[in-house]
Amino acid sequence: MRLAQFILIHREAILEAWDSFAGTIQPEARVMGARELRDHAEQMLIEIAADIRTPQSIQQGVDKSRGEGPKTRIDTASEAHAGTRLRSGFSIDQLVAEYSALRASVLQLWSQWPDRDAESLEHDTLRFNEAIDKGLAESVSRYSQTVSESQDVFLGVLGHDLRTPLGVILLSAEFFLYANELDSRYTKVAAGIYTSVRRAEKIVENLLDFARTRIGSGIPVDRVEADLTTMCEDVVEEVRLLHPDCTVVFQPEERIVGKFDISRMGQVFSNLIENATKHGSSGSPVTVSQQLDGDHAVFAIHNDGEPIAAEDTLRIFNPMTRHSQFALGERGPRAGLGLACSSRRRSSPPTAAPSRSRPRRQAGRLSG
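Residues numbered from 1 in each chain as written. Predicted model: local features only at pLDDT ≥ 70, side-chain atom pairs only at ≥ 80, totals over all residues. Heavy atoms only, no water.

Turning our attention to the overall build of the chain. Helix and strand content of the chain: twelve helices and six strands. Considering the chain as a whole, with its 368 residues, one finds that 37% of them fall into the buried category. Nonlocal contacts in the chain, meaning residues at least 24 apart in sequence, comprise 77% of its contacts between residues at least 6 apart. Accessible surface, the chain as shown: approximately 21,100 Å² in total, 56% of it carbon and sulfur. (Helix = DSSP H or I, 4+ residues; strand = E, 2+ residues; numbered from the N terminus. Buried < 20%, exposed > 50% of the residue type's maximum accessible area, 1.4 Å probe, protein only. Contact = heavy atoms within 4.5 Å. Areas by Shrake-Rupley, 256 points an atom, 1.4 Å probe, with all protein chains shown as cover.)

Right, here's the structure in full:
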């Protein structure tokens, strides 16, 4: 008897072992019935048997075990199983454990069967393991994809629904801010509420932008005729106020006017300039310059300090990685995570911190 035939004939015994194991790892918050525990297991065994019987080359076997085999428009039993297990509360570790138990159950029963085809034994066992690996890869991929999509939808809904209460608070603050009968104390409180809500609105906008990039629609870019030099001057002035002990020198070679998304360019400049003040040598100035190079605007920042190690440059744009000596001792509410977020008027999205340098300069080329 060949292994594929054995699986089909004895699949009830295999499924009973599956039911027994699945019952030991089911989520504690619920009790699952036999049908729910078995789920797509029988169809998975049928697909495994069919896979074993299908002729294939060595490379096709390798590709299949990596989850890179031929794709179909219809979900496989393994993909469907991952979705139902996720909805039932199984963790990805529990999902993987099911495949390990299925593999062990089949091979154990098969090893005890006396009427095995000796000539095909090794080949059938290899093909069975490839089929299990294929199913496991499909399940893990679908599970991870579904979790990621759920997180993206949650972020989108959260950002969308926060806008309404923030709008009500903002209107209320504006009402009190411009009410003539209030004394200066209440006006100051209203101004603080107004400023904080504006900042919260910017955070929500960034949250929605992130959700859009994950869902696939991309971050919206609104390019309008704008003075990039004036905008950069404003950012430099903000950084000077926030870091009065640091000298920030702005040296524009010429005024740059063109079509830019001025809000997003402000986020970029704000992040880079403030990080240059944080990650440079104390007492050394930060120099910011702008110039035109053909149809590009070149924006450069220079500071003095210990440069980022050469081995870290490959990871410099990982948003959760930090390479600054300043970061080692950074504590408190203004401490960063490597996500270069700003608490000023221009809230900043995740960007990488600029490298600190002795003679080096951080420059960006912006299409005008």
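Attention now goes to the confidence of the model for the chain. Residues with a pLDDT of 70 or more make up 82% of the chain, whose mean pLDDT is 78. Segment residues 332-337: pLDDT under 50, and ten contacts once partners within four positions in sequence are set aside and those in other chains are kept. (pLDDT = per-residue confidence, 0-100.)

Two aromatic rings, taken as a pair, are described by how far apart their centres are and by the angle between their planes. Scanning all chains against the criterion turns up three aromatic pairs. Between Phe269 and Phe299, the ring centres sit 3.9 Å apart and the planes meet at 25°, which makes this aromatic pair stacked. Of this pair, Phe269 sits in helix H11 (residues 262-278) while Phe299 sits in strand S5 (residues 296-302), and the two are 30 residues apart along the sequence. Look at Phe299 and you get buried, because its relative accessible area is 4%. An aromatic cluster is present here, built from Phe6, Trp110 and Trp113 joined pairwise through their rings. A cation over an aromatic ring shows up here: Arg85 above the ring of Phe90, its NZ or CZ 4.5 Å from the ring centre. (Phe/Tyr/Trp six-rings, centres within 6.5 Å; stacked < 30°, edge-to-face > 60°. Lys NZ or Arg CZ within 6 Å of the ring centre and 35° of its normal.)

In this model, H11 (17 residues) spans 24 Å end to end at C-alpha, consistent with the 24 Å of a helix rising 1.5 Å per residue. Among the 17 residues in H11, twelve count as buried, and that is most of the element. Turning to H11, its buried residues are Met265, Gly266, Gln267, Phe269, Ser270, Asn271, Ile273, Glu274, Asn275, Ala276, Thr277 and Lys278. (Expected span 1.5 Å × (residues − 1).)

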